[in-house]
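# Summary of the model geometry
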Amino acid sequence: MQKHRSQFGIDANEAPRSNTYRSPEHSPLHATEEMRDAKTNLEEDGGQPERDLDLLACHGWLSPEGHLYPCGFKQHDLLTSALGFENEVEIEAAGYCKLTMLMWNVHNRYGSMAITTEQWSTIEAWYDRNGFPYAHFNRLATQA
């Protein structure tokens with residue numbers, strides 16, 4: 001049974017990672033063991049990218065239709081090419097949202113972009129699936 005987003009929070013028994021307290025929405029996210037074990041590296045032989053149906057990606061591209069395509073660390077260019085785009089300017093212009101180091105880039109760095117309802121649904125499901133604090137998602141959503 002999955003938790004409802006209102007049940008997310010910081011464990012009261014968990015010690016802060018530094019001497020400075022950070023609220024849940026400002027704390028960095030950390031990959032779960034399941035995320036670390038998930039296959040996300042692309043084959044360098046030009047194989048077709050596979051959708052992340054389990055929503056365990058730490059890095060990747062999210063299509064306007066809400067399909068998450070994972071890649072390994074520093075493999076966004078390889079995935080961009082595998083998805084049929086020349087570079088990040090082109091893929092973002094097509095409406096893709098970048099996930100890098102567990103952070104969603106909901107702003108187009110090269111022009112205007114509106115995150116689709118399908119993308120928001122996938123991002124929210126990714127937070128839920130991995131047990132990340134809803135306050136962190138809420139902060140992301142208010143920045144868009």
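All residue numbers here refer to positions counted from 1 along the written sequence of the relevant chain. The predicted origin of the model limits local features to residues at a pLDDT of at least 70 and limits the giving and counting of side-chain atom pairs to 80 or more, whereas totals for whole chains, interfaces and linings rest on all residues. To get the side-chain values, all heavy atoms of the structure are used, and hydrogens and water are removed first.

On to the confidence of the model for the chain. Where the model shows low pLDDT, its predicted coordinates should not be examined in detail. The pLDDT score gives, residue by residue, the confidence of the prediction method on a 0 to 100 scale. Averaged over every residue, the pLDDT of the chain is 79; the share at 70 or more is 73%. In the model, residues 1–24 has pLDDT below 50 throughout and makes 18 contacts with residues more than four positions away in sequence or in other chains. Any two residues whose heavy atoms approach within 4.5 Å at even a single point are treated as in contact.

A few words now on the sheet that holds strand 1 (residues 60–62). Here the rule is simple: two strands pair whenever DSSP picks up at least two bridges between them. Per the convention used, a helix needs a DSSP run of H or I reaching at least four residues, while a strand needs a run of E reaching at least two, with both numbered from the N terminus. The strand order 2-1-3-4 describes an open sheet built from four strands, whose pairing is antiparallel. In this open sheet, the two strands that pair with only one neighbour each are strand 2 (68–70) and strand 4 (103–105). If you compare each strand with its neighbour and ignore which way they point, the axes differ by 20 degrees on average. One ladder, built from three bridges, connects strand 1 with strand 3 (residues 97–100); its direction is antiparallel. Bridged to L62 within strand 3 is C97. Interaxial angles span 0 to 180 degrees and are taken between N-to-C directions of axes, which are lines fitted to C-alpha atoms, for helices over the stretch in contact.

The subject of this paragraph is unusual backbone geometry. Backbone geometry places L55, a non-glycine residue, at a positive phi of 55 degrees. For L55, the position within the fold is in the loop between helix 1 (33–37) and strand 1. Take L55: its relative accessible area is 15%, and that puts it in the buried class. One non-glycine residue, M101, lies in the positive phi region at around 50 degrees. With a 1.4 Å probe rolled over the protein chains alone, any residue whose accessible area is under 20% of its type maximum counts as buried; one over 50% counts as exposed, and the rest are partly exposed.

Right, let's get into helix 5 (residues 134–143). Taken as a whole, helix 5 has its buried residues at H136, F137 and L140. Considered in projection along helix 5, the buried side chains sweep an arc of 100 degrees and stay on one side of the axis. Elements that come into contact with the buried residues of helix 5 comprise strand 4 and helix 4 (117–129). In this description, one arc is meant: the one made by directions from the helix axis to the C-beta atoms.

Remark: nonpolar core denotes a set of buried residues (Ala, Val, Leu, Ile, Met, Phe, Trp, Tyr, Cys) joined through side-chain atoms within 4.5 Å. Within the largest apolar cluster, 22 residues are counted, with the highest numbers of intra-cluster contacts made by L68, W104, V106, I123, W126 and Y127. At the level of secondary structure, the elements contributing two or more residues to this core comprise strand 3, helix 4 and helix 5. With four residues, helix 4 is the single largest residue contributor to this core. Contact partners of L68, with chain neighbours within four places excluded, come to E50, R51, D52, L55, A57, W61, L62, L99, W104, T122 and W126. Counting eight residues, the second largest nonpolar core, distinct from the first, contains L79, L83, I91 and Y96.

Before going further, it helps to examine the pattern of salt bridges. Whenever Lys or Arg places a side-chain nitrogen within 4 Å of a carboxyl oxygen from Asp or Glu, that contact is recorded as a salt bridge. All chains considered together, the criterion is met by two salt bridges. Between E34 and R129 there is a salt bridge, with its nearest N and O atoms 2.7 Å apart. With E34 in helix 1 and R129 in helix 4, this pair connects stretches of sequence that are 95 residues apart. According to the relative accessible area criterion, E34 is partly exposed, its value standing at 42%. For R129, a relative accessible area of 28% puts it in the partly exposed group.

So, on to the pairing of strand 3. Consecutive side chains of a regular strand alternate in pointing toward one face of the sheet and then the other. Direction of pairing for strand 3 relative to strand 4: antiparallel, over a ladder of three bridges. When the bridges of strand 4 are listed, L99 appears paired with W104. Between strand 3 and strand 4, which pair antiparallel in sequence order, lie two residues; one of them, M101, sits at a positive phi of approximately 50 degrees.

As a further point, take the packing of helix 4 against helix 5. Each pair of packed helices gets described by two things: the angle between the helix axes and the distance between those axes. Two numbers describe how helix 4 lies on helix 5: the axes approach to 9 Å, and their chain directions differ by 155 degrees. Judged by the angle between their axes, helix 4 and helix 5 are roughly antiparallel. Of the two possible hands of crossing, helix 4 and helix 5 adopt the one that is right-handed. Across from W120, I123, E124 and Y127 in helix 4, the residues of helix 5 making contact are Y134, H136, F137, L140 and A141. In terms of residue class, the contact of helix 4 with helix 5 is built from seven nonpolar, one polar and one charged. We call two directions roughly parallel when the angle between them is under 35 degrees, roughly antiparallel when it is over 145, roughly perpendicular when it lies between 65 and 115, and oblique otherwise. By the definition used in this description, the sense in which the near helix is turned from the far one sets the handedness, with an anticlockwise turn below a right angle giving left-handed and a clockwise turn giving right-handed. Under the convention adopted here, Pro, Cys and the residues Ala, Val, Leu, Ile, Met, Phe, Trp and Tyr are nonpolar, Asp, Glu, Lys and Arg are charged, and Gly plus all remaining residues are polar.

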